[in-house]
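Topology and contacts: notes
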Amino acid sequence: MSHQDQAALDNVKRALRTQTIETPSWAYANSGTRFKVFAQQGVPRDPYEKIADAAVVHRLTGVAPTVALHIPWDKVDDYADLASYAEGQGVALGAINSNVFQDDDYKLGSVTNPDPGVRRKAVDHLLECVDIMDATGSRDLKLWFSDGTNYPGQDDIRARQDRLAEALREVYDRLGTEQRMLLEYKLFEPAFYTTDVPDWGTAYAHCLELGPKAQVVIDTGHHAPGTNIEFIVAFLLRQGRLGAFDFNSRFYADDDLMVGAADPFQLFRIMHEIVRADALRPEYGIAFMLDQCHNIEAKIPAIIRSVMNVQEATAKALLVDRESLTAAQRSGDVLGANAVLMDAYNTDVRPLLAELRADLDLDPDPIAAYARSGYFEKITAGRVGGRQAGWGA
Ligand code: LRH
Ligand code: MN
């Protein structure tokens, strides 16, 4: 291997060392579909046990130092105590996710509901989430609204946008100087005619209206089939409004499968735009988060695998020969340019990542290390009684 090649690999490893991936507390708990939620052995019964599982993922991968919380699923009496427990486990509390999609009052919407009393209740929950951020030291408030309508005429599309903007404004003005609002969009579900934040353009427009602390979240499962997500990534990066990712993958709709499982090439193309914009650096400020549901597969290994999938896509993106790519692009060499990208994508980066883990005194194979750790046996034996956590709190 030539000297440059080694230098290039060292650069890639250096960049990979700075990467962090936030895991979601709810992915450690039971989840499912409207048809069935399959309970699993050893599932956490409270936020403390979720954080303990997340800490195992960080100990084995070295790149998952924060855990996103979801309120009220992760409601506790003392958030400062939860934060210091997390610290004791070697992780920190990340984004605070609001939940205005599970209360009967929100049938016709939360912040967009025709009833001002319901809107007030929803905004108060969002403000409570900011209070929780103050207690946990979290930077990000992540907002996803299930709000929408099911039939034409059900409500006034324009008026709902006015209500949404008013609510977002009140919450935005409550944010602390270092705090951000991350607005997530989703094409449909649970609403099936209009969704009030259905696409990146709507989220982006509301963020522009609010101010610089409002950024867009791209959940990779929230687009119409065939959507070119990396275009949205490149565009929002150019506008300085890409705040975060909710990584997962899907074959059809919001399947919330392991990121990189259904479409590893798409994940690579997304990370290619991130690397091209030099946006992988932590100081750039993008939160790389997972948002997944492990309905039938073992949860902790699935999250470890997901973290590894993001690392692999990132390593391949970092290996793109940018000089050759730019030269081919500038000279209109279509096939040449595509070949440069495919060379990187078709590079087996697993040895490089195993080497990186060894450099970090980690087992080169985190999945095997987890199986050997006896952690699953420990939680299966230890977590008896009580109520397993899920989407019901
Ligand atoms: C909505 C969503 C949102 C979370 C929820 C768990 O589909 O992606 O990010 O609140 O999943
Ligand atoms: Mn999401």
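Structure first, text after, so check above.
The following refers to the structure shown.

Here we look at the site of ligand 1
Around ligand 1, a shell composed of W26, H70, K142, W144, E184, K186, D219, H222, D246, D254, D291 and W391 is seen. Within the side chain of H70, one N or O atom sits 2.8 Å away from an oxygen atom of ligand 1. Measuring from an oxygen atom of ligand 1, one finds a side-chain N or O atom of K186 at 3.2 Å. Burial of ligand 1 by the surrounding chains reaches 97%, relative to a free accessible area of 300 Å². Looking at the shell around ligand 1 residue by residue, the class counts come to 3 nonpolar, 2 polar and 7 charged.

Focus: the side chain of D254
One can find D254 in the loop between β9 (242–247) and α8 (264–276). Among the polar contacts made by the side chain of D254, one reaches the side chain of K186 at a distance of 2.9 Å. For D254, the side chain forms a polar contact with the side chain of H222, separated by 3.2 Å. In this structure D254 touches K186, E189, D219, G221 and H222, once residues within four positions along its chain are discounted.

Focus on a nonpolar patch on the surface
Residues L187, F188 and F192 make up a contiguous nonpolar surface patch of about 290 Å² in total accessible area. Tracing the sequence through the fold places F188 in the loop between β6 (180–184) and β7 (194–195). Here F188 falls in the partly exposed class, since its relative accessible area comes to 36%.

Examining the coordination of the manganese ion (ligand 2)
For the manganese ion (ligand 2), the full set of protein donor atoms is E184 (OE), D219 (OD), D246 (OD) and D291 (OD), and the range of their distances to it is 2.1 to 2.2 Å. In the primary sequence, the donor residues of the manganese ion (ligand 2) line up as E-x34-D-x26-D-x44-D. Taken together, the residues D246 in strand β9 and D291 in the loop between β10 (287–290) and α9 (299–318) connect sequence positions 45 residues apart. Here D246 matches D291 in class, with each residue buried.

Focus on the packing of helix α2 (residues 47–61) against helix α3 (residues 79–89)
The interhelical angle for the contact between α2 and α3, taken along N-to-C directions, is 30°, at an axis separation of 9 Å. The angle between α2 and α3 places the two elements in the roughly parallel class. For the crossing formed where α2 meets α3, the hand is right-handed. Packed against α2, whose contacting residues are P47, Y48, I51, A52, A55 and R59, the element α3 presents D81, L82, Y85, A86 and Q89 at the interface. Split by residue class, the contact of α2 with α3 holds 8 nonpolar, 1 polar and 2 charged.

Re the side chain of H272
Among the secondary structure elements, H272 is positioned in helix α8. H272 sits in the buried class, given a relative accessible area of 8%. Not counting residues within four places of it along the chain, the set of residues in contact with H272 comprises A317, V320, R322, L325 and L341.

Some words on helix α7 (residues 229–239)
For α7, the full list of buried residues reads I229, E230, I232, V233, L236 and L237. Within α7, the buried residues cover an arc of 150° as seen down the axis, which keeps them to one side. Those residues of α7 that are buried are in contact with α6 (200–210), β8 (214–219), β9 and α8. At the N-terminal end of α7, a side-chain oxygen is found 3.3 Å from the backbone nitrogen of E230, two or three residues along, and the residue is N228. Looking one or two places after α7, you find G240, whose phi comes out positive at around 70°.

Calculation criteria
Residues numbered from 1 in each chain as written. Chains lettered and ligands numbered in written order. Predicted model: local features only at pLDDT ≥ 70, side-chain atom pairs only at ≥ 80, totals over all residues. Heavy atoms only, no water. Near = heavy atom within 4 Å. Polar contact = N/O pair within 3.5 Å; in protein donor to acceptor, adjacent residues only side chain to side chain. Areas by Shrake-Rupley, 256 points an atom, 1.4 Å probe, with all protein chains shown as cover. Nonpolar A, V, L, I, M, F, W, Y, C, P; charged D, E, K, R; others polar. Helix = DSSP H or I, 4+ residues; strand = E, 2+ residues; numbered from the N terminus. Contact = heavy atoms within 4.5 Å. Patch = residues over 30% accessible without salt bridge, like charges linked within 9 Å, V, L, I, M, F, W, Y side chains within 5 Å. Salt bridge = Lys/Arg side-chain N within 4 Å of Asp/Glu carboxyl O. Buried < 20%, exposed > 50% of the residue type's maximum accessible area, 1.4 Å probe, protein only. Donors = N, O, S within 2.8 Å, 3.2 Å for Na, K, Ca; no water. Axes fitted to C-alpha atoms, helices over the stretch in contact; angles between N-to-C directions. Parallel < 35°, antiparallel > 145°, perpendicular 65-115°, else oblique. Left-handed = near helix turned anticlockwise from the far one by under 90°. Arc of directions from axis to C-beta.

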